[in-house]
Amino acid sequence: MRYRSLGWGLALCACASGGEPTLAAPEAAQVRREVARSFLGRKCSRPIAAAPGERDQLFVEALVLNVPRKLAESASLRTLEQVLAEPTVEMLGTPHLVVDVGQEGQLALVDVQGRTEGPSLHRMRLMPRRAEPDLTVLELEVTLQLPNPTALRPNPTRAVALTFSARDDVSALASAPWDEPGQRSLVVVVRPRSVRSDADFKAIFGCKMRERLELRRPP
């Protein structure tokens, strides 16, 4: 199994060059708007047709939200920006990973030990399978470290399974409950991009940097 991770900084980092002043840190509401617009933005990957001998990988961006269960039941890509604007919604993270199609990839995220008041992303496992040349079934398992107000050791965890059918460079959304007593669910958005060569990574990086500049403009 091979996997790689690229930080969300591809899209949202602030870069300074040529003596230009650095950008001020965006407010939380602005970051949420930019995240929503990034997952819903225009396509930018290369065509997915593979040449003989090229590798078959996916660069997968994920957005993981902790939301009230009733809101999760009605959440969609169309309402993603409104969902992110809700004060009851917690953005747990925006991890990335690169995984071989047909092989499981894993990404270790945070390992918190001790007293905590809320959930955090602990680990992700992803198994992608091609259903059609441009359609992939993504079997995703998100492991949370649970709230731990009494500081149990080790911190308790819970795995949540979600399945997506996603076309290349098009976002897909799924949800699943994780806290029945608290009536909370995970809403996860994924956006897979095909990777056939190192040139694809360069193309993705360039696209994300251009996207970052566009996202800072008013909608």
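What counts and what doesn't
- Residues numbered from 1 in each chain as written.
- Predicted model: local features only at pLDDT ≥ 70, side-chain atom pairs only at ≥ 80, totals over all residues.
- Heavy atoms only, no water.
- Helix = DSSP H or I, 4+ residues; strand = E, 2+ residues; numbered from the N terminus.
- Buried < 20%, exposed > 50% of the residue type's maximum accessible area, 1.4 Å probe, protein only.
- Contact = heavy atoms within 4.5 Å.
- Pairing = 2+ DSSP bridges.
- Axes fitted to C-alpha atoms, helices over the stretch in contact; angles between N-to-C directions.
- Core = buried A, V, L, I, M, F, W, Y, C linked by side-chain atoms within 4.5 Å.

A. Seen up close, the overall build of the chain. Scanning the chain from N- to C-terminus turns up 5 helices and 10 strands. Taken over 219 residues, the chain has a buried fraction of 45%. Sequence-distant contacts, at least 24 apart, represent 67% of the contacts inside the chain between residues at least 6 apart.

B. Representation of the sheet that holds strand 5 (residues 105–108) in the model. Overall, antiparallel pairing links the 4 strands, which are arranged 5-6-7-8 in an open sheet. In this open sheet, the two edge strands, each paired with only one partner strand, are strand 5 and strand 8 (157–167). Neighbour-to-neighbour, the strand axes of this sheet turn through a mean angle of 15 degrees, independent of strand direction. Note that strand 7 (residues 135–145) and strand 8 share 11 bridges and pair antiparallel. By the bridge assignment, glutamate 139 is partnered in strand 8 with threonine 163.

C. Representation of the environment of proline 119 in the model. Checked against the element boundaries, proline 119 lands in the loop between strand 5 and strand 6 (120–132). Using a relative accessible area of 10% as the deciding quantity, one classes proline 119 as buried. For the pair formed by proline 119 and leucine 146, sequence separation is 27 residues and the distance between their alpha carbons is 4.6 Å. Sequence-distant contacts of proline 119, that is, excluding residues within four places in its chain, are made with Asn66, Glu90, Leu92, Leu144, Gln145, Pro147 and Trp178.

D. Summary view of the nonpolar core. Core analysis: the biggest nonpolar cluster contains 28 residues, and Leu140, Leu144, Leu162, Phe164, Leu186, Val188 and Val190 have the highest contact counts within it. For this core, the elements supplying multiple residues, two or more each, are strand 2 (57–68), strand 4 (96–100), strand 6, strand 7, strand 8, strand 9 (172–179) and strand 10 (184–195). With near-sequence residues (within four places) excluded, leucine 162 lies in contact with Leu138, Glu139, Leu140, Val142, Ala174, Ser175, Ala176 and Val188. With 14 residues, the next largest nonpolar core counts Val35, Ala36, Leu63 and Val189 among its residues.

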